[in-house]
Structures are given as C-alpha cells and as structure tokens.
Amino acid sequence: MIAPARALFVVALLLALPVCTLIGLDPARAPVYDLLLLLLVAALSLDAWMGLRMVERYSATGPGIVRVTQNVPAEMRVDIESHPPAARSVRVSVQIPAGFEREGDRIGQTVKFIARERGEHQVRRCDIEINSPAHLWLVRRTLPLETEFRVYPDMRGDKTAAALLRRRDPGSHRFRQLGRGREFERLRDYLPGDTFDEVSWKATARRGRPVVRVFQIERTQEVYVALDVSRLSGRHGAIEDFVKAALLLGLAAESQGDKFGLVVFSDRVHSFLRAAQGKAQYSACREVLYRVRPQPVSPDFAELFTFLQLNLRRRALVVFLTALDDPLLAETFSRDLTLLTRRHLAVVASLNDPDVQPVFEGAAPKEAGDIYRSLAGHLVWTQLRETEKKLERHGVIIARVDPERVGAQLAEVYANIKRRQLL
C-alpha cells in the first residue's frame, strides 16, 4: 500500500502544474510537454515501485511472551529488521488487543499500554511505513507478529496479600494452639496425669506396662481451592474476585507452612494441581488462574466430588468458590458433598448480595418493582439459608464473604481453622 507524501505535492505544484499550463498556452509544443509529463509520471512510478520492493525486505520480531499485571503500566518493544540491512527510518504501529489502553504515541517501536482485562491476549500484526527512495511516497505494509500477552490479576492493592508477602515465615506470627494435635509422634511410658484416651492398649499388652501415645501438631497440611468457572459464577461476575481469593489463599497457606493445591471445574475438571509448597507451586497456580473464563455450562458436582475422592490422598481443607442460589444445583451440591466431608474438611464461600435478604430488611420500597425485587430476594435468601443449614449439619463451614473482600475474609477463616486445629 502506498500513499502520497508531502514531497509529491510539492513536485506536482512546481513541475506538473506549470507544464499543464504551458500546454494550454502553447498548443504547438504540446507533444514536448506531453513527453515531459510522461517522464515525470514514469519517475514517480519508478520511485513507488522501488519503495514497494524495499518494504518487502522488512520483518518484525516481538517478544514471544509478555507477562504483565492487570491495571499496571507496561511496555513492549518490536524489533524491525531489513534483509539486507538498510539505513532508513521506519515508523511502526502495533495493533494492541481489545481491553488494552495505549499510553503515549501510537507510532514507535516501543509500545506503552495498560492491560485492563485479565487473561491471554494475542498480537498478530503490526504496520510499518517507510519513505520511497525519492521521499515522494509513503510505503506501508502489514507484518505478521506473534506475541502473547499474559495478564495476571493485580494483587498489590490487597493489604492482606501484601502482609502475607512480607511475612513468609510461619513462626513470625504467634498464636495460641488449642488441643494436642492429630499426628502420631511416638510412644512413651505412662506418667501420672495422662488420661485414659491417650493409653495405647495394644502396646501396653505387648510390653506389660502402661504405654501412652504422644501426638504432635501437624506442621504441613494440604489446602485446596475448588474454583467454579461455570455459569453460576459467571453470571454474578464473581470470577475476578474468586481468582484473587484463590491466589491469596495460596499465599496464606505458604505463610503457615501448608501445601496449596488448585482445582478448576465446570461441567468437568479443567485443571488440577496437587498440593505443594514454594514459589514454583504459586507460579503454577497463577499460570492456571490467569486465563480462566466463565463457561456457559452448568457445574457437574458429582463428577467433581468423585474426582476429589480419588485424587486427595490425605485429609485436606477444601475451599469451594461457587454460587449456590440455583435450588436444583444447590440440592445436588449439598447431597454429594456429604461423602467428601467424611474424610476432608470443607469450606463453602457464600457471597453476600445486597438484593438477597429478608423481605422486611433494607430500604423501604418506592415503587411496585421494588416490592417484586424484594420478594424475589427473600425467596433466594430463604433457599440459601436452608442449603447452608444442611451443609452445616454435615460439618461444612459456611463463610459469608463480601465480593470485594473474598480473599481477605477466607484467609481469616483459614487462620481460625488452623488456630482451632479443625483440620
């Protein structure tokens, strides 16, 4: 693609226009003037053809993967090369993905932008522009560019996350431990003051003297987050809050010396990361979470719980991030979860919704539509309370959380579980 440059208009004004005027003033020499115009057109065409040949020598190379944080300024540089090399200025314009905001000039090899949408985005092309050899034409071409943007959620504004990042040593925060622990350590002889439930009767029979079991507090436990990416979470717009909450729980588990794992599901299990520790595990969880998107399907809780029963080898804390305001799916969830709670400890995050409350709470209705919305909210609230009561009877912990503070409030629930040694 070519476009006229400013120099072309100058040439047309200084050469073509006078020649055309002379043709009208001196018709006898019109063939001479026509020859001059033909030579001028040929020169312009030759300049344009050479420019098109030159622009075909260029190629663009960008970074293969660009990792950025959501809502944080970032930049990317595109390298333009000519084969063979040519000392010529090149203007570059990169087509940034939708959901990105460009900062600064649109033309340049360094692109500054802010990514507003979490996830995986592709840059497939860039446009370049050079001057023809005589600078009479602007020659443009679209070059292929393979660059992938990975936009991770921004955790910097979360004070709880910042505190956990500063405090990675589990011994730096002291709190009173209740109970005696669940993990067997050793056997020892009976001492005055030991209770009968501590006595190991088999060891006592073998040794012929009273022997008791000594337990210790579990130092390394497993914490899993089961993130629902089905339509239940998508229609409430809770996916972003759930993603940040999952990463925050990972930091909380790391700070307490526990292992952290992840399950992403909808109508099937999309991703499963077995519980582990360290920066590599946190990075692996972040690589899975940054690209999750709500799916237009209903969750299959039966398959999820079967998968967890088969893959969780030891007792673990499982935190479910989902929505239970669908009566049929909530009944399925509460029925199938009872099998899991026989072996594991479950926490269900229940999002607080200002529209879901008893009919006589909240602001007074101002019109008929407010009354119907209040009645609908009351029905949903009643169904949620019934579901929560069923779950609590089976030992499930219900965590009522606010959408903007899901991670911080779940971290508090997790700390309370550790303090009470419920796991």
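Residues numbered from 1 in each chain as written. Predicted model: local features only at pLDDT ≥ 70, side-chain atom pairs only at ≥ 80, totals over all residues. Heavy atoms only, no water.

1. Some details on the overall build of the protein chain
No. 1: Scanning the protein chain from N- to C-terminus turns up eleven helices and 18 strands.
No. 2: Compactness check: the protein chain gives a C-alpha radius of gyration of 34 Å against a globular reference of 22 Å for 423 residues, more than 25% above the reference.
No. 3: Across its three principal axes, the protein chain shows a C-alpha extent of roughly 135 × 65 × 35 Å.
No. 4: Out of the 423 residues in the protein chain, the part that is buried amounts to 42%.
No. 5: Partitioning the contacts of the protein chain with sequence separation of at least 6, the portion at a separation of at least 24 is 73%.
No. 6: Taken as a whole, the protein chain presents about 23,200 Å² of accessible surface, with 56% of it coming from carbon and sulfur.
No. 7: Averaged over its 62 positive side-chain charges, the protein chain has a centre that lies 6 Å from the centre of its 51 negative ones. (Helix = DSSP H or I, 4+ residues; strand = E, 2+ residues; numbered from the N terminus. Rg over C-alpha atoms; globule rule 2.2 N^0.38 Å. Buried < 20%, exposed > 50% of the residue type's maximum accessible area, 1.4 Å probe, protein only. Contact = heavy atoms within 4.5 Å. Areas by Shrake-Rupley, 256 points an atom, 1.4 Å probe, with all protein chains shown as cover. Lys, Arg positive; Asp, Glu negative; His and termini not counted. Charge placed at Lys NZ, Arg CZ, Asp CG, Glu CD.)

2. Concerning unusual backbone geometry
No. 1: Positive phi outside glycine occurs at N71, with the angle close to 65°.
No. 2: Looking at the secondary structure, you find N71 in the loop between β3 (65-69) and β4 (73-77).
No. 3: A residue is classified by how much of its surface remains accessible, and N71, at 36% relative accessible area, is partly exposed.
No. 4: Residues other than glycine seldom take positive phi values, yet H135 does so here, at roughly 60°.
No. 5: Structurally, the position occupied by H135 is in the loop between β9 (119-131) and β10 (137-152).

3. Observations concerning the packing of helix α8 (residues 301-311) against helix α9 (residues 327-341)
No. 1: Two elements in contact, α8 and α9, have axes separated by 9 Å at closest approach and are oriented at 15°. Classified by the interaxial angle, the pair formed by α8 and α9 is roughly parallel. Handedness of the crossing formed by α8 with α9: right-handed. Of α9, the residues touching α8 (which contributes F301, A302, F305, L308 and Q309) are L329, F333, D336, L337, L339 and L340.
No. 2: Of the residues assigned to the contact of α8 with α9, the class counts are nine nonpolar, one polar and one charged. (Axes fitted to C-alpha atoms, helices over the stretch in contact; angles between N-to-C directions. Parallel < 35°, antiparallel > 145°, perpendicular 65-115°, else oblique. Left-handed = near helix turned anticlockwise from the far one by under 90°. Nonpolar A, V, L, I, M, F, W, Y, C, P; charged D, E, K, R; others polar.)

4. As for the side chain of S230
No. 1: For S230, the position within the fold is in the loop between β13 (222-228) and α5 (231-234).
No. 2: Overall, S230 belongs to the buried group, its relative accessible area being 0%.
No. 3: Within the structure, the side chain of S230 is placed 2.7 Å from the side chain of D228, a separation counted as a polar contact.
No. 4: Ignoring sequence-local partners within four residues, the contact set of S230 consists of F265, S266, P294, Q295, V297, S298 and P299. (Polar contact = N/O pair within 3.5 Å; in protein donor to acceptor, adjacent residues only side chain to side chain.)

5. Brief notes about a nonpolar patch on the surface
No. 1: A cluster of nonpolar side chains, contributed by V10, L13, L14, L15 and L17, occupies part of the molecular surface with about 480 Å² of accessible area.
No. 2: Following the sequence through the fold, L15 ends up in helix α1 (residues 6-25).
No. 3: According to the relative accessible area criterion, L15 is partly exposed, its value standing at 45%. (Patch = residues over 30% accessible without salt bridge, like charges linked within 9 Å, V, L, I, M, F, W, Y side chains within 5 Å. Salt bridge = Lys/Arg side-chain N within 4 Å of Asp/Glu carboxyl O.)

6. With respect to empty space enclosed by the protein
No. 1: The final tally for this structure, using the stated rule, is two cavities of 30 Å³ or more.
No. 2: By volume, the largest cavity amounts to about 50 Å³.
No. 3: For the largest cavity, the full set of lining residues is G250, E254, F260, A276, Q277, G278, Q281 and Y282.
No. 4: Within the residue set of the lining of the largest cavity, elements represented by two or more residues are α6 (239-255) and α7 (279-289).
No. 5: When grouped by side-chain class, the residues that make up the lining of the largest cavity number three nonpolar, four polar and one charged.
No. 6: Roughly 40 Å³ of internal volume is contained in the second largest cavity.
No. 7: Taken together, L249, L317, V319, V347, L410, V413, Y414 and I417 form the lining of the second largest cavity.
No. 8: Those elements that place two or more of their residues in the lining of the second largest cavity are β16 (316-321) and α11 (406-420). (1 Å grid on protein atoms, 1.4 Å probe; cavity = no way out; pocket = protein on both sides within 12 Å on 5 of 7 lines; lining within 4 Å. Points joined across faces, edges and corners; volume = space filled by probe spheres on them.)

7. Some details on the pattern of salt bridges
No. 1: Scanning the entire structure with this criterion turns up 17 salt bridges.
No. 2: A salt bridge links R67 to E287, with the shortest nitrogen-to-oxygen separation between them at 3.7 Å. Residue R67 is located in strand β3, and its partner E287 is located in helix α7; the two are separated by 220 residues in the primary sequence.
No. 3: R291 serves as the salt-bridge partner of E120, at 3.7 Å between the closest nitrogen and oxygen. Taken together, the positions of E120 in strand β9 and R291 in the loop between α7 and α8 put the pair 171 residues apart, joining distant regions of the chain.
No. 4: Overall, the relative accessible area of 37% leaves E120 in the partly exposed class.
No. 5: Classification of R291 as partly exposed rests on a relative accessible area of 40%.
No. 6: Residues participating in the shared-partner salt-bridge network are R67, E148, R150 and E287.

8. Considering the nonpolar core
Inside soluble globular proteins, nonpolar side chains tend to come together where they are buried.
No. 1: Ranked by internal contacts, the top residues of the largest apolar core, which has 38 residues, are V225, L227, L289, L317, V319, L321 and L410.
No. 2: For this core, the elements supplying multiple residues, two or more each, are β13, α6, β14 (259-265), α7, β16, β17 (345-351), β18 (397-401) and α11.
No. 3: Take this core: its biggest share by element is eleven residues, from α6.
No. 4: Beyond its immediate chain neighbours, meaning those up to four positions away, L410 contacts A245, L249, V319, L321, A349, A399 and V401.
No. 5: Listed in part, the 33 residues of the second largest apolar core include V78, A115, L143 and V151. (Core = buried A, V, L, I, M, F, W, Y, C linked by side-chain atoms within 4.5 Å.)

9. Some points on the layout of surface pockets
No. 1: Considered as a void within the structure, the largest pocket measures approximately 420 Å³ in volume.
No. 2: Lining the largest pocket we find 24 residues, and of these S350, L351, N352, D353 and L384 sit closest to its centre.
No. 3: Those elements giving two or more residues to the lining of the largest pocket turn out to be β17, α10 (368-393) and β18.
No. 4: If you tally residues by element for the lining of the largest pocket, the top one is α10, at six residues.

10. Re the packing of α6 against α11
No. 1: Interaxial distance between α6 and α11 falls to 8 Å at its minimum, and their mutual angle equals 35°. Helix-helix and strand crossings are classified by hand; for α6 and α11 the assignment is right-handed. Residues D241, F242, A245, L248, L249, A252 and A253 of α6 form the contact with α11, whose participating residues are V406, G407, A408, L410, A411 and Y414.

11. Examining the pairing of β3
No. 1: Only one face of β3 is buried: it carries V66 and V68, and the other face, with I65, R67 and T69, is open.
No. 2: Sheet analysis places β3 next to β10, joined by five bridges and oriented parallel. Looking at β10, one finds that T69 is bridged to Y152. (Pairing = 2+ DSSP bridges.)

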